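Examination of the molecular architecture
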Amino acid sequence: MNGFFTARNILLAIFLSTAVYVQLRGRVHHKFSRLIADHANLLAPYNTLMYLFSAVKAKPYADVAEFPELSKVTAQWQMIREEALKLFDEGYIRAAAKHNDIGFNSFFRTGWKRFYLKWYGDFLPSAEALCPRTAALLADIPSINAAMFTVLPPGSRLGEHRDPFAGSLRYHLGLVTPNSPDCFIVVDGERYYWKDGEAVMFDETYIHTAENRTDVTRVILFCDIERPLSNPVMRWINRAIGRRMAKAAATENVPGEHVGVLNHAFEYIYKIRLLGVRIKQWNKPFYYALKWALIAGILYLLFL
């Protein structure tokens, strides 16, 4: 019996139990095959700590009024829209030029585009140069960990997904929207549609999807806001450790800006992914057998 309670087995039990908790949290769940391979499982122990000590209730949408520091952002939506539209007209809000945006790579296939303002650290030099008023406004709010402009063109749809990092909450501010129920986001089964000058806050670690069924391009300000935590130790962990993890996914708007280690690695991982696509097209059973063997092998090595 004593041999069962080894450090390896305890760590494995913690990992598996937190992964199950993360996957079953909420009303909407991935199908089993995707649930097992979901990248959010990798951060499940960390995310569970964030949920346990969260000062925000566990529900898909949060009340923006609980974040009074963001009211001055919402109030300046027309100024922000002006800078966003200038960037859009000049072609700066776009998909990644290379495979170096691991967090949003799959979105580019449906037409989604972005321009980074800040990503878990300093503002990008291109953002400070091209939209200085928005950058200055956001710089005065320490709880904003990341910010970008994003575009969802007519006919675009983002499939169901959950973000892997629970150290933040997601703020959307409508800048140019159809103001229509046909351009919407669904978070854990609850729908919201964007409106010009209106802000919404939600927990991006619930499964969510977005779609634009109108003929108007949707442009929003998209921010990651530090999750309020009830414990000072957890706040320190989230700021000191969580931001470093997220910063590894930093990427560029224009060549020469800082690219995080995960995105440097992703350029090579993507080539392996393309090989997987070809294998799947050739023989689906072999592809899934190989996929599950790799997952089992990684788990074995992690807890060996």
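Calculation notes
- Residues numbered from 1 in each chain as written.
- Predicted model: local features only at pLDDT ≥ 70, side-chain atom pairs only at ≥ 80, totals over all residues.
- Heavy atoms only, no water.
- Helix = DSSP H or I, 4+ residues; strand = E, 2+ residues; numbered from the N terminus.
- Rg over C-alpha atoms; globule rule 2.2 N^0.38 Å.
- Contact = heavy atoms within 4.5 Å.
- Areas by Shrake-Rupley, 256 points an atom, 1.4 Å probe, with all protein chains shown as cover.
- Buried < 20%, exposed > 50% of the residue type's maximum accessible area, 1.4 Å probe, protein only.
- Pairing = 2+ DSSP bridges.
- Axes fitted to C-alpha atoms, helices over the stretch in contact; angles between N-to-C directions.
- Core = buried A, V, L, I, M, F, W, Y, C linked by side-chain atoms within 4.5 Å.
- UniProt positions renumbered as here; feature names shortened; annotations may be inferred.

**Considerations on the overall build of the protein**
Counting its secondary structure elements, the protein contains 10 helices and 10 strands. For the protein, the C-alpha radius of gyration of 20 Å lies close to 19 Å, the compact-globule estimate for 304 residues. Structurally, the protein occupies a C-alpha span of about 65 × 50 × 40 Å along its principal axes. In the protein, once contacts between residues fewer than 6 apart in sequence are set aside, the share between residues at least 24 apart is 75%. When the accessible area of the protein is evaluated, it comes to approximately 15400 Å², of which 62% is carbon and sulfur surface.

**A few points about the environment of Asp203**
With respect to the element layout, Asp203 can be found in the loop between strand E8 (199-202) and strand E9 (208-212). With relative accessibility at 3%, the residue Asp203 sits in the buried group. Residues Asp203 and Arg8, spaced 195 residues apart in sequence, show a C-alpha to C-alpha distance of 32 Å. Those residues in contact with Asp203 that lie beyond four places of it in its chain are Arg25, Tyr51, Lys59, Pro60, Leu169, Val187 and Arg227.

**A look at the sheet that holds strand E6 (residues 183-187)**
One open sheet holds the four strands; their spatial order is E4-E9-E6-E7, and the pairing between them is antiparallel. Here the strands that pair on one side only, and so sit at the sheet edges, are strand E4 (157-161) and strand E7 (190-193). Ignoring which end each strand starts from, the neighbouring axes of this sheet average 15° apart.

**Digging into the nonpolar core**
Counting 74 residues, the largest nonpolar core has Leu117, Phe149, Tyr171 and Leu221 as the members making the most contacts within it. If we ignore the near neighbours within four places in the chain, the residues touching Leu117 are Phe123, Leu124, Ala127, Cys131, Thr134, Leu138, Ala147, Met148, Phe149 and Leu221.

**Here we look at the UniProt feature "transmembrane region" (unreviewed entry) in the protein**
Look at the UniProt record and you will see "transmembrane region" (unreviewed entry) annotated at residues 6-24 and 286-303. Annotated as residues 6-24, this span is 95% helix and 0% strand, and its ends, taken at the C-alpha atoms, are 27 Å apart.

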